[in-house]
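# A look at the structure
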Amino acid sequence: MEKERFIKIYANLPMKLRSDIVLVLDGKEPITWNVAYIEINNETELGKKIFKKLAELKII
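Here's a quick rundown of the structure. (Residues numbered from 1 in each chain as written. Predicted model: local features only at pLDDT ≥ 70, side-chain atom pairs only at ≥ 80, totals over all residues. Heavy atoms only, no water.)

### Things to note about the pairing of strand β2 (residues 29-32)
In the sheet, strand β1 (residues 21-25) pairs with β2 via four bridges, with the strands oriented antiparallel. Counted as the bridge partner of Val24 is Pro30 from β2. (Pairing = 2+ DSSP bridges. Helix = DSSP H or I, 4+ residues; strand = E, 2+ residues; numbered from the N terminus.)

This is the structure we're talking about:
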């Protein structure tokens, strides 16, 4: 996983935006930038899923 790419983007986000929803997984689970950071940084299964979706949507 290109975790560094996500972390660079996250680090440059204004603090207020980090609590905003960045995507909705499976049409039901809202994910904020903060949640995405925690999951991706800890390399969880959910983090891998979030990273993949963010890359597919060309957000990162």
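Next comes the rest of the description.
### Considering the pattern of salt bridges
The final tally for this structure, using the stated rule, is four salt bridges. Between Lys49 and Asp26 there is a salt bridge whose closest N-O contact spans 3.0 Å. Taken together, the positions of Lys49 in helix α3 (residues 45-56) and Asp26 in the loop between β1 and β2 put the pair 23 residues apart, joining distant regions of the chain. As a salt-bridge pair, Glu45 and Lys48 come within 3.5 Å of each other at their nearest N and O atoms. Placement of the pair is Glu45 and Lys48 together in helix α3, with a separation of three residues, close to one helical turn. Given the relative accessible area of 42%, Lys48 is considered partly exposed. (Salt bridge = Lys/Arg side-chain N within 4 Å of Asp/Glu carboxyl O. Buried < 20%, exposed > 50% of the residue type's maximum accessible area, 1.4 Å probe, protein only.)

### Quick word on unusual backbone geometry
The backbone of Asp26 shows a phi angle near 55°, a positive value even though the residue is not glycine. When its relative accessible area of 52% is taken as the criterion, Asp26 is described as exposed. One non-glycine residue, Lys58, lies in the positive phi region at around 60°. With respect to the helices and strands, the residue Lys58 is situated in the segment after α3.

### Concerning the environment of Lys3
With respect to the element layout, Lys3 can be found in helix α1 (residues 3-11). Put simply, Lys3 and Asn42 are 39 residues apart on the chain and 9.9 Å apart in space, counted from C-alpha to C-alpha. Beyond its immediate chain neighbours, meaning those up to four positions away, Lys3 contacts Ile40, Asn41, Glu43 and Phe51. (Contact = heavy atoms within 4.5 Å.)

### A closer look at α1
For α1, the full list of buried residues reads Lys3, Phe6 and Tyr10. The arc enclosing the buried residues of α1, seen along the axis, measures out at 65°, which places them on a common side. Facing away from the buried side of α1 by more than 90 degrees, the exposed set consists of Glu4 and Lys8. In this structure, the buried residues of α1 make contact with α2 (33-41) and α3. (Arc of directions from axis to C-beta.)

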